[in-house]
Amino acid sequence: MTQFGRFGGMQRMTPIVQNIIIINVLVFIAQNVLPNATTLLAMYYPTNPMFKPMQLVTHMFAHGGIFHLLFNMYALYSFGTILERVLPAKRFLFLYFFSGLGAIAVHLIVGAVTAYTIAGTPFINQEMALSSNTLGQVYFPALVGASGALYGLLAAFGYLFPNTELMFMFIPVPIKAKYMIPLVILVYDIGFAQYGLDNVAHYAHIGGAIFGFALMYYWNKTQKSDFY
């Protein structure tokens, strides 16, 4: 998606957004130069021997390919630049990581519930995962990408600027943010998550949006005097 109009066209990149983009680019270069870098940085199910606690954060800076990186960084630039201008720097940074961690929390909870439903325990191992395609989809995948954090920014943007018109890149039909953002989550993420139509972590997207919206709502309702 892209947005202009209300904010006067292309925006000059803000410091935190710029630094996050630089880190993501450097990590992507490392992924393509250093052996096993992606394996170390990606997020695995906690009972997988490949899991390390640091992956709760590092997976947000690793990406699965150049187009994955470019799309996410464009989204960060588009929405993050605006949010960084209206939020204090520390709050913007907290929003980003809070949304990213909330996204992975929801992703892991859904995986644990799925494992418990099938195996009677969330503590599955490789043998159990090999015996069931569904358990395998919980246990084996390596999760990478900033999308969960970005969905939090997207939800925060929708909360702050509900009447700003947004457009899908290739469908030039402007729709207000308060309609467009829920539409994306309902049709794309909830729909695809239900039917497993791709290998995207849709529940992480949903989790990031929920956490980002909830944090923005909390800040606005409890500390409105110093919100901006």
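Going along each chain's sequence as written, the residues are numbered from 1 onward. Thresholds applied to this predicted model are a pLDDT of at least 70 for local features of residues and 80 or more for the giving and counting of side-chain atom pairs; totals over whole chains, interfaces and linings are not thresholded and use all residues. The side-chain numbers reported here are obtained from all heavy atoms of the structure, hydrogens and water having been left aside.

K.L.:
Can you help me understand unusual backbone geometry in this one?
P.N.:
Both trends apply: most residues other than glycine have a negative phi, and most peptide bonds are in trans. Backbone geometry at Asn36 places phi at a positive 70°, although glycine is not the residue there. On the basis of relative accessible area, Asn36 is assigned to the exposed category, the value being 57%. The buried label goes to any residue with under 20% of its type's maximum accessible area, the exposed label to any with over 50%, and the partly exposed label to all in between, with areas taken from a 1.4 Å probe on protein chains only.

K.L.:
Help me out: how do you make sense of the packing of helix H8 (residues 147–160) against helix H10 (residues 202–222) in this one?
P.N.:
Axis angle and axis distance: for two packed helices, these are the angle between their axes and the distance between the axes, and together they describe the pair. Think of each axis as a best-fit line through the C-alpha atoms, taken over the contacting stretch in the case of a helix, with angles from 0 to 180 degrees between the N-to-C directions. Secondary structure elements are taken from DSSP: a helix is a run of H or I of four residues or more, a strand is a run of E of two residues or more, and numbering for both begins at the N terminus. Two elements in contact, H8 and H10, have axes separated by 7 Å at closest approach and are oriented at 40°. Relative to H10, the element H8 lies oblique. In terms of crossing hand, the pair formed by H8 and H10 is right-handed. On H10, the residues touching Ser147, Gly148, Tyr151, Gly152, Ala155, Ala156, Tyr159 and Leu160 of H8 are Ala204, His205, Gly208, Ala209, Gly212, Phe213, Met216, Tyr217, Asn220 and Lys221. Considered class by class, the residues forming the contact of H8 with H10 number ten nonpolar, seven polar and one charged. We call two directions roughly parallel when the angle between them is under 35 degrees, roughly antiparallel when it is over 145, roughly perpendicular when it lies between 65 and 115, and oblique otherwise. Each helix crossing is assigned a hand: it is left-handed if the near helix lies turned anticlockwise from the far helix by less than a right angle, otherwise right-handed if that turn is clockwise. Contacts: residue pairs with any heavy atoms within 4.5 Å of one another. Under the scheme applied here, ten amino acids are nonpolar (Ala, Val, Leu, Ile, Met, Phe, Trp, Tyr, Cys and Pro), four are charged (Asp, Glu, Lys and Arg), and all others, including Gly, are polar.

K.L.:
It is not clear to me how helix H4 (residues 66–86) should be interpreted in this structure. Could you clarify?
P.N.:
Think of an α-helix as turning once every 3.6 residues; residues three or four places apart then point the same way. The span expected for a helix works out to 1.5 Å for each residue beyond the first. With 21 residues, H4 should reach 30 Å at 1.5 Å per residue; the first-to-last C-alpha distance of 30 Å fits that figure. To get the bend at a residue, fit one axis to the 7 residues ending there and another to the 7 starting there, then take the angle between the axes. Along H4, the sharpest kink reaches roughly 35°, centred on Gly80.

K.L.:
What is the right way to read the nonpolar core from this model?
P.N.:
As a rule of thumb, soluble globular proteins bury nonpolar side chains together. In these notes, a set of buried Ala, Val, Leu, Ile, Met, Phe, Trp, Tyr and Cys residues joined through side-chain atoms within 4.5 Å is what counts as a nonpolar core. Leu76, Leu83, Leu95, Tyr96, Leu153, Phe157 and Met216 are the most contacted members of the largest nonpolar core, which has 45 residues in total. Counting only elements with at least two residues in this core, the list comes to helix H1 (15–33), H4, helix H5 (89–119), H8, helix H9 (177–195) and H10. Counting residues per element, this core draws most heavily on H8, which supplies ten residues. Counting 14 residues, the second-largest nonpolar core is a separate cluster that includes Ile104, Leu108, Ala115 and Ile124.

K.L.:
Help me understand H8, please; the structure alone is not making it clear to me.
P.N.:
Helix length check: H8 (14 residues) gives 20 Å between terminal C-alpha atoms against 20 Å at 1.5 Å per residue, within 8%. When you tally the buried positions in H8, you get 14 out of 14 residues, the bulk of the element.

K.L.:
What should I look at first to understand the confidence of the model for the protein chain in this one?
P.N.:
The predicted coordinates of low-pLDDT regions are not to be read in fine detail. In the predicted model, the protein chain carries a mean pLDDT of 87, and 86% of its residues have values of at least 70. Under a pLDDT of 50 for its full length, residues 1–8 has, in the predicted model, 23 contacts with residues more than four places off or in other chains. You can read pLDDT as the predictor saying how much it trusts each residue, on a scale of 0 to 100.

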